[in-house]
Amino acid sequence: MTRFGYTLMTEQSGPRELVGYAQHADRLGFDFAVSSDHYFPWLDEQGHAPYAWSVLGAVAQATERLELMTYVTCPTIRYHPAVVAQKAATVALLSQGRFTLGVGAGENLNEHVVGERWPAVGERHDMLEEALEIIHQLLTGDRVTYEGAHFRVDSAKLWDVPEVPVPIAVAVSGEQSVQRFSSLADHLVAVEPDADLVRRWDEARAGLEALEAIGPSRKIGQIPISWGPDRDEAVARAHEQFRWFGGGWKVNADLPTTEAFDAASQFVRPEDVADAIPCGPDLDAVVEAVSAFWEAGFTDVALVQVGDALQQRFLDEAAGPLLERLREAAPAG
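Brief notes about the overall build of the protein chain
For step 1, the next point in the chain: Within the protein chain, the regular secondary structure consists of 13 helices and 11 strands.
For step 2, the next point in the chain: Against the 2.2 N^0.38 benchmark of 20 Å for 333 residues, the protein chain shows a C-alpha radius of gyration of 19 Å, consistent with a compact globule.
For step 3, the next point in the chain: The principal-axis extent of the C-alpha atoms belonging to the protein chain is close to 60 × 45 × 40 Å.
For step 4, the next point in the chain: A total of 333 residues make up the protein chain; the buried ones form 56% of that total.
For step 5, the next point in the chain: When contacts within the protein chain are restricted to residue pairs at least 6 apart in sequence, long-range pairs at least 24 apart make up 76% of them.
For step 6, the next point in the chain: If you sum the accessible surface of the protein chain, you get close to 14,200 Å²; carbon and sulfur atoms cover 50% of it.
For step 7, the next point in the chain: Within the protein chain, the 51 negative side-chain charges are centred at a point lying 3 Å from the centre of the 26 positive side-chain charges.

Following this line, the structure appears as C-alpha cells:
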C-alpha cells in the first residue's frame, strides 16, 4: 500500500517548530517524515535553514513510530562522506532503526558556502559514486582506508553502528543516473511522477538480490501543496515561497544564491504556480495530484505544506482528513 509522509522543510521553519511539527505528524499517523538538508533557503522570503542533522536527532527522541529520512543530503562537498556515514549511523541508533539516508548530487546553493568550486554534473556524479562506496564500507563497522579520484579516507572506523544496515536512497533523474546508482542504493528518490524512471530503476535492479536484504526497493516521491481556507491567499503564499520550483532541477542545482533564485523566478506568475501546486481548501484536488505518483509506481509520497504560516493549522485541521482520503484512494497493493 502507498505510504504517505510529511516534509520537515528546513528552508521555511525554525528548528524547534520542526520538532513540534514532526511530533504532530507522528500522532496523526503519517508513515514517515523527510527532512531537507540546506545551508540556505531557496528564497529570502522562506527565511530559515537550521542544521538538519541536529533537528533529526531531536525528532528521533521526540517521536515514537515515525520513520525518518534525509531528502536529500549531498555527501560530497559541504560534508565529507566519512562524516555523513557517522551522522547516518548515529541517527539510525537514536531512532532505533527508523532512519533512511537519502543522498543526491547536491545544489550549488548549499555547497558553495565552503568555498570550493561547483563541478559540472558529470563530475558531481563521479563524486557521489565514490561517496556511496565510502559510506557503504564505513556503515559495516569495519576500518576503512580509501583512495579515490575525489576522496581519501585514512583508517576510519565507525564505533557506533546499528546492527541492521542503514538503508540508502538516492535521487536520480534519468537513464544515466539510474544505471550508475541503482546498485549503490536501496531506494529511489524523485520529485516528478515519472513512470519510465521507476521502470528503468526496477529493470536495473533486477537480479541484484544481495541488495534486497532490507526488503523491496521503495520509490519515494515528494509533492508540494498549499493548503488553506482561502484559495487566493494559498496561491499568493505558494508564489511567494515556492516560485523557485518552476526552474526545474537542471537550473536549481546550479544557481548559487537566494538572489539568483529571485532573479530567475521574477517572471513566474501566481497562476503559473497555481497550475503546478494544489492550492486552497480542496482536499480532493490534493488527492488527484498525489495520485500521479502511485499511478507511476511510487510506493511513498511525502507532502510539503508550503510556508510556515499555516503549517500548524494544516496539521490541526487538514492533515488527518487528507491522510484518510489518500489512503482510501490509493491502491491496496
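Let's talk about helix H7 (residues 195–205)
What sets the pattern is the α-helix's 3.6 residues per turn: residues three or four places apart point alike.
For step 1, the next point in the chain: Within the span of H7, buried status applies to Leu-197, Val-198, Trp-201, Ala-204 and Arg-205. Projected onto a plane normal to the axis of H7, the buried residues spread over an arc of 130° and lie on a single side.
For step 2, the next point in the chain: Those residues of H7 that are buried are in contact with strand S7 (168–171), helix H6 (175–181), strand S8 (187–189) and strand S9 (219–227).
For step 3, the next point in the chain: Positive phi appears at Gly-207, one or two residues downstream of H7, with a value of about 90°.

Regarding the environment of Glu-45
For step 1, the next point in the chain: Its place among the elements puts Glu-45 in the loop between strand S2 (32–35) and helix H2 (52–62).
For step 2, the next point in the chain: Those residues in contact with Glu-45 that lie beyond four places of it in its chain are Glu-240, Gln-241 and Arg-243.

Quick word on the packing of helix H12 (residues 283–295) against helix H13 (residues 311–329)
For step 1, the next point in the chain: As a packed pair, H12 and H13 sit with axes 10 Å apart at the nearest point and diverge in direction by 45°. Put simply, H12 runs oblique to H13. Of the two elements, H12 crosses H13, and the hand of that crossing is right-handed. Contacts between H12 and H13 involve Leu-283, Asp-284, Val-286, Val-287, Val-290 and Trp-294 on the former and, on the latter, Ala-318, Pro-321, Leu-322, Arg-325, Leu-326 and Ala-329.
For step 2, the next point in the chain: Residues belonging to the contact of H12 with H13 are distributed by class as follows: 10 nonpolar, no polar and 2 charged.

Comments concerning the packing of aromatic side chains
For step 1, the next point in the chain: Tallied over the full model, the rule gives 12 aromatic pairs.
For step 2, the next point in the chain: Between the aromatic rings of Phe-4 and Trp-294, the centroid separation amounts to 6.2 Å while the plane-to-plane angle is 75°, which identifies the pairing as edge-to-face. Here the residue Phe-4 occupies a position in strand S1 (residues 3–8), and Trp-294 occupies one in helix H12, the gap between them amounting to 290 residues.
For step 3, the next point in the chain: What makes Phe-4 buried here is its relative accessible area of 0%.
For step 4, the next point in the chain: Trp-294 gets classed as buried once you look at its relative accessible area, which sits at 13%.
For step 5, the next point in the chain: A ring pair is formed by Phe-293 and Phe-298, whose centres lie 5.2 Å apart and whose planes are at 80°; its orientation type is edge-to-face.
For step 6, the next point in the chain: The class for Phe-293 is buried, based on a relative accessible area of 3%.
For step 7, the next point in the chain: For Phe-298, a relative accessible area of 3% gives the class buried.

What counts as what
Residues numbered from 1 in each chain as written. Predicted model: local features only at pLDDT ≥ 70, side-chain atom pairs only at ≥ 80, totals over all residues. Heavy atoms only, no water. Helix = DSSP H or I, 4+ residues; strand = E, 2+ residues; numbered from the N terminus. Rg over C-alpha atoms; globule rule 2.2 N^0.38 Å. Buried < 20%, exposed > 50% of the residue type's maximum accessible area, 1.4 Å probe, protein only. Contact = heavy atoms within 4.5 Å. Areas by Shrake-Rupley, 256 points an atom, 1.4 Å probe, with all protein chains shown as cover. Lys, Arg positive; Asp, Glu negative; His and termini not counted. Charge placed at Lys NZ, Arg CZ, Asp CG, Glu CD. Arc of directions from axis to C-beta. Axes fitted to C-alpha atoms, helices over the stretch in contact; angles between N-to-C directions. Parallel < 35°, antiparallel > 145°, perpendicular 65-115°, else oblique. Left-handed = near helix turned anticlockwise from the far one by under 90°. Nonpolar A, V, L, I, M, F, W, Y, C, P; charged D, E, K, R; others polar. Phe/Tyr/Trp six-rings, centres within 6.5 Å; stacked < 30°, edge-to-face > 60°.

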